[in-house]
Amino acid sequence: MLVEILFYIFATLLVAGALGVITARNPVYSVLFLVFSFVNSAAIWLLVEAEFLAIVLVLVYVGAVMVLFLFVVMMLDINLAEIRQGFTRFAWLGWITALALIAEITAVIWRNGLGGLDVGRGFVSEPANYSNTLELGRVLYTHYAYPFELAAVLLVVAIVAAIALTLRRRPGLKVQDISHQVAVRAEDRLRVVKVAAEKRS
Amino acid sequence: MPDTMMNLHSIAAAVPEIYLTAAICIVLLFEAFVGAKRPGATGTLTLLVLVVGAALTVAYADVAQRVVLFDGTYVADPLAYVLKLAGFLAVAVTLLYSRAYLQNRDILKGEYYVLSLSALLGIFVLISADSLLTVYLGVELLALSVYAMVAFDRESGVAAEAAMKYFVLGAIASGMLLYGMSIVYGLTGTLNLDGIAVALSAPHNLGVILGLTFIVVAVAFKLGAVPFHMWLPDVYDGAPTSVTLFIGTAPKLGYFALALRLLAHGLAGVTVDWTAMLAPLAVLSLVVGNVVAIAQTNIKRMLAYSTISHVGFILLGFVAGTVNGYGAALYYTLVYVLMALGFFGVVILASRKGFEADKLEHYKGLYRRDPLLALAMAMLMFSAAGVPPFIGFWAKLRIIQALWETQHLWLVVTAVVMSVVGAFYYLRVVKLMYFDEAPESLPDTVRSFGVRFALGVNAAAVLVLGILPAPLLDLCARVIR
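Rules of the game
- Residue numbers here run from 1 along each chain, matching the order of that chain's written sequence.
- Chains and ligands are labelled by the order in which they are written, letters from A for the one and numbers from 1 for the other.
- Side-chain atom pairs in this predicted model are given and counted only at pLDDT of 80 or more, local residue features only at pLDDT of at least 70, and totals for whole chains, interfaces and linings cover all residues.
- Only hydrogens and water are set aside when side-chain values are computed; all heavy atoms of the structure are taken into account.
- Only DSSP runs of H or I reaching four residues or more are called helices, and only runs of E reaching two or more are called strands; each is numbered from the N terminus.
- Exposure categories follow from relative accessible area, calculated using a 1.4 Å probe and restricted to protein chains: below 20% of the type maximum is buried, above 50% is exposed, and the middle band is partly exposed.
- Under the convention used here, a 1.4 Å probe and the Shrake-Rupley method define accessible areas, while residue burial counts only the protein chains that appear.
- We call two residues contacting when some pair of their heavy atoms lies within 4.5 Å.
- Two distance rules govern patches: like charges are joined within 9 Å, and nonpolar side chains (Val, Leu, Ile, Met, Phe, Trp, Tyr) within 5 Å, applied only to residues with over 30% relative accessible area and no salt bridge.
- The term salt bridge refers to a pairing of a side-chain nitrogen on Lys or Arg with a carboxyl oxygen on Asp or Glu at a separation within 4 Å.
- Delimitation of the domains relies on an automatic or database domain assignment.
- Per-residue confidence from the prediction method is given by pLDDT, with values spanning 0 to 100.
- Buried Ala, Val, Leu, Ile, Met, Phe, Trp, Tyr and Cys residues that are joined via side-chain atoms within 4.5 Å together make up what is termed a nonpolar core.
- A helix is expected to span 1.5 Å multiplied by its residue count minus one.
- A 3.5 Å cut-off defines polar contacts: any pair of N or O atoms within that distance qualifies, except that in protein one atom must be a possible hydrogen donor and the other a possible acceptor, and neighbouring residues in sequence count only when both atoms are side-chain atoms.
- Side-chain classes are defined by residue name, with Ala, Val, Leu, Ile, Met, Phe, Trp, Tyr, Cys and Pro counting as nonpolar, Asp, Glu, Lys and Arg as charged, and the others, Gly among them, as polar.
- Classification of ring pairs rests on two measures: the distance between centres of Phe, Tyr or Trp rings, Trp counted by its six-membered ring, which must be within 6.5 Å, and the angle between planes, read as stacked under 30 degrees, edge-to-face over 60 and tilted in between.
- Any Lys NZ or Arg CZ found within 6 Å of a ring centre and within 35 degrees of that ring's normal is scored as a charge over the ring.
- The charge count treats Lys and Arg as positive and Asp and Glu as negative. His and the chain ends do not count.

1. Details of the overall build of chain A
Stage number 1. When you go through chain A residue by residue, the secondary structure sums to nine helices and zero strands.
Stage number 2. Overall, chain A shows an N-to-C arrangement of helices and strands of α-α-α-α-α-α-α-α-α.
Stage number 3. For chain A, with 201 residues in total, the buried portion stands at 17%.
Stage number 4. Here chain A displays about 16,000 Å² of accessible surface, and carbon together with sulfur accounts for 68% of that area.

2. Focus on the overall build of chain B
Stage number 1. Scanning chain B for helices and strands turns up 20 helices and two strands.
Stage number 2. Seen along its three principal axes, the alpha-carbon backbone of chain B occupies a region of about 65 × 60 × 40 Å.
Stage number 3. Taking all 481 residues of chain B together, 62% fall into the buried category.
Stage number 4. Here the contacts in chain B between residues at least 6 apart in sequence split such that 80% fall between residues at least 24 apart.
Stage number 5. Per element, the accessible surface of chain B, about 17,200 Å² overall, is 70% carbon and sulfur.

3. Things to note about a nonpolar patch on the surface
Stage number 1. Where nonpolar side chains cluster on the molecular surface, the patch consists of M1, L2, I5, L6, I9, L13, Y29, L32, F33 and F36 of chain A and spans about 970 Å² of accessible area.
Stage number 2. One can find I5 of chain A in helix 1 (residues 2-23).

4. With respect to the domain arrangement of chain A
Stage number 1. Domain annotation of chain A identifies domain 1 (1-85), domain 2 (91-116) and domain 3 (130-165).
Stage number 2. Between domain 2 of chain A and domain 3 of chain A, the C-alpha centre-to-centre distance is 34 Å.

5. Focus on the confidence of the model for chain A
Stage number 1. Scored by pLDDT, chain A comes out at a mean of 84, with 88% of its residues at no less than 70.
Stage number 2. Highest mean pLDDT in chain A belongs to helix 7 (residues 145-166) of chain A (93); lowest belongs to helix 4 (residues 80-84) of chain A (68).

6. Examining the nonpolar core
Stage number 1. In terms of nonpolar packing, the biggest core is built from 205 residues, with F256, L267, W274, F318 and F343 of chain B touching the most fellow members.
Stage number 2. Residue contacts for W274 of chain B: discarding those within four places in its chain leaves L212, V216, L263, A264, L267, F318 and Y326 of chain B.
Stage number 3. Membership of the second largest hydrophobic core comes to nine residues, among which are V31, A54, L57 and V73 of chain A.

7. Description of the confidence of the model for chain B
Stage number 1. For chain B, the mean per-residue pLDDT works out to 90, and 98% of the residues sit at or above 70.
Stage number 2. Mean pLDDT in chain B bottoms out at helix 15 (residues 366-369) of chain B, which sits at 86, and peaks at helix 5 (residues 132-150) of chain B, which reaches 95.

8. Points about helix 19 (residues 449-467) of chain B
Residue and element names in this part refer to chain B.
Stage number 1. With 19 residues, helix 19 should cover 27 Å at 1.5 Å per step; its first-to-last C-alpha distance of 27 Å lies within 8% of that length.
Stage number 2. Those residues of helix 19 that sit buried are V451, R452, A454, L455, N458, A459, V462 and G466.
Stage number 3. Where helix 19 is buried, its residues touch helix 3 (78-104), helix 14 (323-350), helix 16 (371-385) and helix 17 (391-405).

9. Examining the interface of chain B and chain A
Stage number 1. The partner chain A presents 28 residues to the 36 residues of chain B that form the contact.
Stage number 2. Scanning the region where chain B abuts chain A turns up zero salt bridges.
Stage number 3. At the surface where chain B touches chain A, the tally comes to four residue pairs in polar contact (both at pLDDT 80 or more).
Stage number 4. Listing elements by their share of the side of chain B that touches chain A, those giving two or more residues are helix 1 (15-35), helix 4 (110-127), helix 5, helix 6 (157-188) and helix 8 (206-223) of chain B.
Stage number 5. Of the residues forming the side of chain B that touches chain A, the biggest block, eight residues, is contributed by helix 5 of chain B.
Stage number 6. Grouping the amino acids of the side of chain B that touches chain A by side-chain chemistry returns 21 nonpolar, nine polar and six charged.

10. Details of the packing of aromatic side chains
Residues and elements named next belong to chain B.
Stage number 1. Considering all chains together, one arrives at 24 aromatic pairs over all chains under this definition.
Stage number 2. Ring centres 5.9 Å apart and planes at 85° place the aromatic pair F70 and Y74 in the edge-to-face group. An identical accessibility class is assigned to F70 and Y74; each is buried.
Stage number 3. Ring geometry for F382 versus F390: centroids 6.1 Å apart, planes at 5°, classification stacked.
Stage number 4. What makes F390 buried here is its relative accessible area of 11%.
Stage number 5. Over the ring of Y101 we find R105; its NZ or CZ atom is 4.0 Å from the centre of that ring.
Stage number 6. The ring of F313 is capped by K396, whose NZ or CZ atom sits 5.0 Å from the centre of that ring.

11. A few points about the side chain of K396 of chain B
All names here are of chain B.
Stage number 1. Relative to the helices and strands, K396 resides in helix 17.
Stage number 2. Notably, K396 is buried but unbridged: the nearest opposite-charge side chain belongs to E405, and the N-O separation is 19 Å.
Stage number 3. Excluding its chain neighbours within four sequence positions, the residues that come into contact with K396 are H310, F313, Y332, A384, A385, G386 and S419.

12. A word on the pattern of salt bridges
Stage number 1. Summed over all chains, the structure comprises 15 salt bridges over all chains.
Stage number 2. In this structure, D188 of chain A engages R185 of chain A in a salt bridge whose closest nitrogen and oxygen atoms are separated by 3.6 Å.
Stage number 3. What makes R185 of chain A partly exposed here is its relative accessible area of 48%.
Stage number 4. A salt bridge links R66 of chain B to D130 of chain B; the shortest N-O distance between them is 3.7 Å.

Now the structure itself:
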């Protein structure tokens, strides 16, 4: 019972946070709302005893990805007024689509339930020696070995693409060439100029 | 659940993917250590990699029947074998055509080849996907490589804009795909496509249709069917022509496999529903593609709209919902890839350093400047218009036959009428090349023998396979059962 109550609390906060992401006027607030949503979903994962996933979500998404996001949002000088132009013009279209979608989903669930999917089962507690990490590792490297390897290739491609698109060697770029700096000799930098002494008039 | 014990023999059918992954790493290392000293060497190595890959595929992946590997995430069958060989061929020809172009625009870099290979790997993953998870990974692997290729020319603002549009819209499509997949997974309880097919053979509920809708939208987006086609003309136009050549050819094989595996195989239980959804998309693609193409003055945009109309035809094959229909769609896809290699190849060969032959008027009087190139282009245009004896005629005929068998009379009428409309702008190119005078002195076309020979073979194939259509038609009918 307690778990169910906790679930509804976290779920409500999660939905509220998600709404905050898309309604906040300031992009920094949006990012912070997203962090809030992630923390709440991590809590929900804890409730189903998926500790590893919960920790990874907090560490990777909240700790790394969102901080990076925050940096980017704060560093980019985004002109909000310009982006908002024309936004309200098409807002009605968005509203209609969203409402139609909500109506459809509600109608489907109303008429058919979830079609044999057992949602009333509640939370199952695993035995005390259950290890989420171990279970994940077991399926990840056996049943899902192929998708797992593909995900690795995907990351390599992302790195190659990012480097290919951003690493430029254009002339006049102000970068430090350390070996060049170390190998420098005095006569390259220092020019002794003989200046004839002026006669005092 | 299949046996989890694996040995080298049991995964032999997956050799194309394993080999390609290893080859990507080797090409990347080669570029890092040798590529900077010898520009162009990486390109040669990549062509070699593709030839060896095709040979290995023939040696190992030619399976007699369906083989499911890696616990139901991978499938090898005769269809996958044919599509993979076509993929190797298409990418090899693409890279062969684009070499001089890349050099002229100063984007001949090793990463370009690495990204082409990883896109090919994504196509292969799609072709051999037997699980929602692998389907998604294949889509992303292909899309990510292609986004980067579109933006590859960093001096070009248009290319950057095209890449950005492609990326944002592609991300939305991926979201749609995931949303649909999650609903289908939730309702069937399995990621495996065979498992989903079994679960859906029982009476199903409306929820599956809801999930299906999202999946159809994503598939239509990836193929570029109207009304999810907005990205296509901008990307084809904005990307460097070599990349347009790439995305116009090999990925179509992957997206055909995506539609076939997801809709025709996994979601076979709701065929009635998705054929009803695809029919209007196909008709709209035919109408919008053919009519808007007439108004274009840029040949890359015109060919983009022509792609949309061809996608309409491919979708019509799926709308038939029969084995014949899927066979016709496969045939059309292969024929389209062959033709697209040709006509984008001509656009590349007509371009020189600092000159992009992307306006229709650049083709005026091409016959006088370069009779061979004009002849190749004319053959390809006749084929795309569906004039017999060229191969495009048979492709259209097969689709119409499949629709006729399934009593889709209105679709047959639309397809025929729209082919006639389309013939106008294809034949206009022929008229420009043969009967118009060149307005100003244009630079010479590419004269290097190897590339021109390949293009000649490409154009000849369109004619020869059109006169002798039986082998390829039989092959397509045989691999789809």
